[in-house]
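Letter by letter, the chains look like this.
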Amino acid sequence: MSTTTTRDLARPAPAKPSKAGPRRGLRGSGTFNFWLFTGPFLIGLLIFVYVPIGWSIWLSFYEARFTVTPSTFVGFDNYRFMLENDNFIGALGTFTVFAAIIVPTTWALSLGLALLVNRLRFMRAFFRSVFFLPTACSYVAASLIWKMSIFNGVRFGLANTVLGWFGVENIAWLDNPNPPWYWLVILTARLWLQSGFYMILFLAALQNIPGELYEAAAIDGAKPGWQTFRHITLPQLRATSTAVILLLLIAAYQAFDEFFNLLSKTTWGRPPLVELYYTALGDNQDYGAGSAGAVILTLLIVIVTLFQGKIMGFGRGDESK
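If you're wondering where the values come from, they're calculated on a predicted model, not measured in any experiment.

### A short note on the overall build of the protein
Line of reasoning, step 1. Assigned secondary structure in the protein consists of 13 helices and zero strands.
Line of reasoning, step 2. Start at the N end of the protein and walk to the C end: the helices and strands fall as α-α-α-α-α-α-α-α-α-α-α-α-α.
Line of reasoning, step 3. Across the 321 residues of the protein, 33% fall into the buried class.
Line of reasoning, step 4. Residue pairs at least 24 apart in sequence account for 66% of intrachain contacts in the protein once pairs closer than 6 positions are excluded.
Line of reasoning, step 5. Accessible area of the protein: about 20,600 Å², with a carbon and sulfur share of 66%.

Have a look at this one:
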């Protein structure tokens, strides 16, 4: 009888540790992948954003007429010139009023559209696309449609045609500052163009509100409608509302396309950017004064934005609500 035991059986040799080095290439280096995908974007951001901003600030302290490489340092003379320019100061004041009108109007319209779409039980995607579609339209194209078709000053314009049915005489919407009917044209064009985008932001925020909050409110006796909107929906939208208002404020002071195309070369109703355009690229081509005006406008946007963010509680944590 064989007396061989399991200890006498041949055991497999232990596997030797692999001597292969770390993997190299696109999948082996996280740092290389990071710079590969973000490098072109950062380079473009540096060349087309930060370098022009720094160059503009530098030009604002020099006498720069018909040249972007000046040699005469003038200190704050360009800033003093722009702050004493009645047209520029008037544009800043006018667009502070414009922002005070267009920001709450767009906020209310966008939120209202989001609430309506969110309550739909069918064709929600269709109406969401319909309201968002104007966002894809160019401001220049929309301005020309508003100017040449809807608010044309002759009786063949859509607005004058409708008013003519009620016996109202033709209105020169864009040719006369008294009364300032041009504001109606500009406000309606901007509302049509940007409300859909902010509606999407509100719609996403509405869909993230837990349904349990409304169920608990119903158990506590809260009535659906204004009561739940005021005490549940609106507080839950605080962060989104703050972001929307800040974006609208910045966009209001940066308005250019619709004003430039609707009002052409009129001296009334110019936004700050149009005024800076004629200052820097007009007959004198005063790049120094234009750069100083751009810095002033930027500082005003920053101050207004920070003030609005402070009021809305931007950046506060949940414990500070």
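### Notes on the packing of helix α3 (residues 86–119) against helix α10 (residues 238–253)
The angle between the axes and the distance between the axes are what describe a pair of packed helices.
Line of reasoning, step 1. Running from amino to carboxyl end, α3 crosses α10 at an angle of 145°, the nearest separation of the two axes being 9 Å. The two elements α3 and α10 cross, and the hand of that crossing is right-handed. Across from Leu 92, Phe 95, Thr 96, Phe 98, Ala 99, Ile 102, Val 103, Thr 106 and Trp 107 in α3, the residues of α10 making contact are Ser 241, Val 244, Ile 245, Leu 248, Leu 249, Ala 252 and Tyr 253.
Line of reasoning, step 2. The residue inventory of the contact of α3 with α10, partitioned by class, reads 13 nonpolar, three polar and no charged.

### Considering helix α12 (residues 272–281)
Line of reasoning, step 1. All of the buried residues in α12 are Pro 272, Val 274, Glu 275, Leu 276, Thr 279 and Ala 280.
Line of reasoning, step 2. Elements that come into contact with the buried residues of α12 comprise α2 (77–83), α3, α10, α11 (257–262) and α13 (287–312).

### As for the packing of aromatic side chains
Line of reasoning, step 1. In the structure shown here, the tally under the stated rule is 26 aromatic pairs.
Line of reasoning, step 2. With a centroid separation of 5.6 Å and an interplanar angle of 85°, the aromatic rings of Phe 98 and Phe 259 are classed as edge-to-face. Of this pair, Phe 98 sits in helix α3 while Phe 259 sits in helix α11, placing them 161 residues apart in sequence. Each member of the pair Phe 98 and Phe 259 is classed as buried.
Line of reasoning, step 3. Plain terms: the ring middles of Trp 183 and Phe 259 are 5.9 Å apart, the flat faces sit at 70° to each other, and that makes the pair edge-to-face. With Trp 183 in helix α7 (residues 182–207) and Phe 259 in helix α11, this pair connects stretches of sequence that are 76 residues apart.
Line of reasoning, step 4. Its relative accessible area of 1% is what places Phe 259 among the buried residues.

### Examining the side chain of Thr 305
Line of reasoning, step 1. Relative to the helices and strands, Thr 305 resides in helix α13.
Line of reasoning, step 2. Looking at Thr 305, the relative accessible area reads 16%, which means it is buried.
Line of reasoning, step 3. Within the local environment of Thr 305, its side chain forms a polar contact with the backbone oxygen of Ile 301, the two atoms lying 2.6 Å apart.
Line of reasoning, step 4. Excluding its chain neighbours within four sequence positions, the residues that come into contact with Thr 305 are Leu 246 and Ile 250.

### Considering the nonpolar core
Line of reasoning, step 1. Phe 98 and Phe 259 are the most contacted members of the largest nonpolar core, which has 54 residues in total.
Line of reasoning, step 2. Among the elements that take part in this core, α7 stands out by supplying 13 residues, more than any other.

### Some thoughts on the UniProt feature "transmembrane region" (unreviewed entry) in the protein
Line of reasoning, step 1. Following the UniProt record, one finds the feature "transmembrane region" (unreviewed entry) at residues 32–53, 88–117, 129–146, 181–206, 237–256 and 287–307.
Line of reasoning, step 2. A helix fraction of 100% and a strand fraction of 0% characterise residues 88–117, whose end C-alpha atoms lie 41 Å from each other.
Line of reasoning, step 3. Taken end to end, residues 287–307 is 100% helix and 0% strand, and its first and last C-alpha atoms sit 30 Å apart.

### Examining the confidence of the model for the protein
Line of reasoning, step 1. When pLDDT is averaged along the protein, the result is 83, and 87% of the positions lie at 70 or above.
Line of reasoning, step 2. The spread of mean pLDDT over the elements of the protein runs between α12, the lowest at 80, and α2, the highest at 93.

Rules behind the numbers
- Residues numbered from 1 in each chain as written.
- Predicted model: local features only at pLDDT ≥ 70, side-chain atom pairs only at ≥ 80, totals over all residues.
- Heavy atoms only, no water.
- Helix = DSSP H or I, 4+ residues; strand = E, 2+ residues; numbered from the N terminus.
- Buried < 20%, exposed > 50% of the residue type's maximum accessible area, 1.4 Å probe, protein only.
- Contact = heavy atoms within 4.5 Å.
- Areas by Shrake-Rupley, 256 points an atom, 1.4 Å probe, with all protein chains shown as cover.
- Axes fitted to C-alpha atoms, helices over the stretch in contact; angles between N-to-C directions.
- Left-handed = near helix turned anticlockwise from the far one by under 90°.
- Nonpolar A, V, L, I, M, F, W, Y, C, P; charged D, E, K, R; others polar.
- Phe/Tyr/Trp six-rings, centres within 6.5 Å; stacked < 30°, edge-to-face > 60°.
- Polar contact = N/O pair within 3.5 Å; in protein donor to acceptor, adjacent residues only side chain to side chain.
- Core = buried A, V, L, I, M, F, W, Y, C linked by side-chain atoms within 4.5 Å.
- UniProt positions renumbered as here; feature names shortened; annotations may be inferred.
- pLDDT = per-residue confidence, 0-100.

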